[in-house]
Amino acid sequence: MSIDKVAVVGGGIVGTACAYFLAREGKRVTLFEETALAHGASGRNPGFVWLHTRNPGFGREVSLASRALYDQLVEDLPLDFEFRPSGGIIFYTTEEQGAIVREFVETVQADGYPMEHIDGAEVRRMVEPIREDVLGASFCPADACINTPLLVRSFAEGARQAGAEIREGVGVTRLIEEGGRVVGVETSEGRFEADAVVLGAGAWARKLADTVGIQLAVGGERLQVAATVPVPEIRVEPLVYGPLVTKQYRLFRDLPSWDAAHFTEPYEDEANIEVLELISQRRNGEILMGCAMDYPDDIDLRPTVEGLARSLQSIVQDFPGLRGVAVDRVWAGILPFTSDTAPIIDEPIPGLFLGSGHVYGNAAGPMTGRLITQLIMEQEPEIALDEVRFDRVLEMPGAGVAVRW
Ligand SMILES: Cc1cc2nc3c(=O)[nH]c(=O)nc-3n(C[C@H](O)[C@H](O)[C@H](O)COP(=O)(O)OP(=O)(O)OC[C@H]3O[C@@H](n4cnc5c(N)ncnc54)[C@H](O)[C@@H]3O)c2cc1C
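All of these numbers come straight from a predicted model, not from anything done at the bench. (Residues numbered from 1 in each chain as written. Predicted model: local features only at pLDDT ≥ 70, side-chain atom pairs only at ≥ 80, totals over all residues. Heavy atoms only, no water.)

S.K.: Can you break down the overall build of the protein chain residue by residue, with the values?
M.R.: Scanning the protein chain from N- to C-terminus turns up 10 helices and 19 strands. Taken against the 2.2 N^0.38 rule, which gives 22 Å for 405 residues, the C-alpha radius of gyration of the protein chain at 21 Å falls within 12% of a compact globule. Along the first, second and third principal axes, the C-alpha atoms of the protein chain reach 65 × 40 × 40 Å. By residue count, 61% of the 405 residues in the protein chain fall in the buried class. Summarising the internal contacts of the protein chain: among those between residues at least 6 apart in sequence, 75% fall at separations of at least 24. Accessible surface computed for the protein chain: about 15,200 Å², of which carbon and sulfur atoms make up 47%. Here the protein chain contributes 36 positively and 61 negatively charged side chains, and the mean placements of these two sets differ by 3 Å. (Helix = DSSP H or I, 4+ residues; strand = E, 2+ residues; numbered from the N terminus. Rg over C-alpha atoms; globule rule 2.2 N^0.38 Å. Buried < 20%, exposed > 50% of the residue type's maximum accessible area, 1.4 Å probe, protein only. Contact = heavy atoms within 4.5 Å. Areas by Shrake-Rupley, 256 points an atom, 1.4 Å probe, with all protein chains shown as cover. Lys, Arg positive; Asp, Glu negative; His and termini not counted. Charge placed at Lys NZ, Arg CZ, Asp CG, Glu CD.)

In structure tokens:
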């Protein structure tokens, strides 16, 4: 069946990218966003377009393709989204950590992936507030920084200019299936019929998929962030990850020299919270700092005292130059995830297109928009989708159960 009219659910990076690419192909697109554009994870993340630790296979392929696509989006999208191709680092502070980071760099380089090792002096030059005794870092020149909420608004505006209707404040209450096909959505403002529905509702997608009997193996992980006031006099050029993040990534855990004992801090164990230690700087100079990670029972967008304390404890320890800087605001967001960290991009029943479970939406989200557009137009997707099929084996995530990427 040829698809003309499409309903897109969710105004995050995935939903707006889908709306943008579909509208540019001449499809009649209506996007429904329950709250406001970028209300979800896309509006709350610190802007890492992070290729550094992407697993080989779909993860790397989609991230490299999105990274190339960003160069085009900078030209094409109507609003500036502060794209800054200044790379990313994972720094280390002990010789034991350094041996593992060096092995990581060599392994990834051997695969032909862009990666370098830089010394402590170079790290201090790029990241002014960092501790004096930093020893070195892995540096991926392909990593880039964006202002994600601005990118979402820019995709939405681009879609609007191509003819899409963007309906903020209109929630989808259920998907409508008739005769084995999804034929529209029920919204807070009534029924909306469409030839196809794109489900891009982030961590909320699971409940909506349930309404047509689709069990989506997508969990929600809460990450907490604090933002400083603008401090343009302090320069943080690349995206910055601390050493503890390594245990989150399979590319590190699979190294022969890997030893998790070198990548723990008492403040993680005491709280039963792990910290994805990171900082990034926006164009106005504000510095985003994070991120404690936990797994609440339901979608809870509030930060906790303990989560913020653990996040900031790592910042105080590793970035003495930020200790005196005023905090402007704090927040949390829910990152959607699958047990194998790859998203789900598929049409599990006719008329329903899933763009769900994005762990690294800044890297994969723009390409998801293109891939779903290609599926809807019955074209061969430019990246093979075998690894991101709905019916692959995935664990159903449970509350409180930690995941690894
Ligand atoms: C704090 C934090 C830091 C992160 N850091 C990074 C990072 O640096 N780099 C990276 O690549 N990824 C990062 N992530 C993950 C990234 O944010 C996600 O992969 C990405 O935003 C997912 O996009 P999405 O469009 O699928 O979902 P979302 O951005 O969550 O959008 C879903 C939208 O659907 C709307 N919605 C929900 N229910 C309904 C309904 N019933 N009807 C209509 N609309 C509905 C919501 O309001 C929301 O706006 C981070 C996540 C968090 C929380």
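S.K.: Explain the nonpolar core residue by residue, including any values.
M.R.: Burial of nonpolar side chains together is a common tendency in soluble globular proteins. Tyr70, Leu73, Phe155, Val198, Tyr241, Phe252 and Leu276 are the most contacted members of the largest nonpolar core, which totals 92 residues. If you tally residues by element for this core, the top one is helix H1 (residues 13-24), at nine residues. Each of domain 1 (5-65 + 148-217 + 339-388) and domain 2 (88-141 + 219-337) contributes no fewer than three residues to this core. Setting aside its immediate chain neighbours within four residues, Phe155 contacts Ile13, Thr16, Ala17, Tyr20, Phe21, Leu73, Leu77 and Pro366. (Core = buried A, V, L, I, M, F, W, Y, C linked by side-chain atoms within 4.5 Å. Domains from an automatic or database assignment.)

S.K.: Please give an account of helix H5 (residues 148-161) that cites residues and values.
M.R.: Because an α-helix packs 3.6 residues into every turn, residues spaced three or four apart end up facing the same way. Here H5 is 14 residues long and its end C-alpha atoms lie 20 Å apart, about the 20 Å a rise of 1.5 Å per residue gives. Buried within H5 are the following residues: Thr148, Pro149, Leu151, Val152, Ser154, Phe155, Ala156, Gly158 and Ala159. Buried residues in H5 make contact with H1, helix H2 (58-76), strand S8 (165-168) and helix H10 (361-376). Once H5 ends, the next one or two residues include Gly163, with phi positive near 110 degrees. (Expected span 1.5 Å × (residues − 1).)

These values are about where atoms sit, not about what they do.
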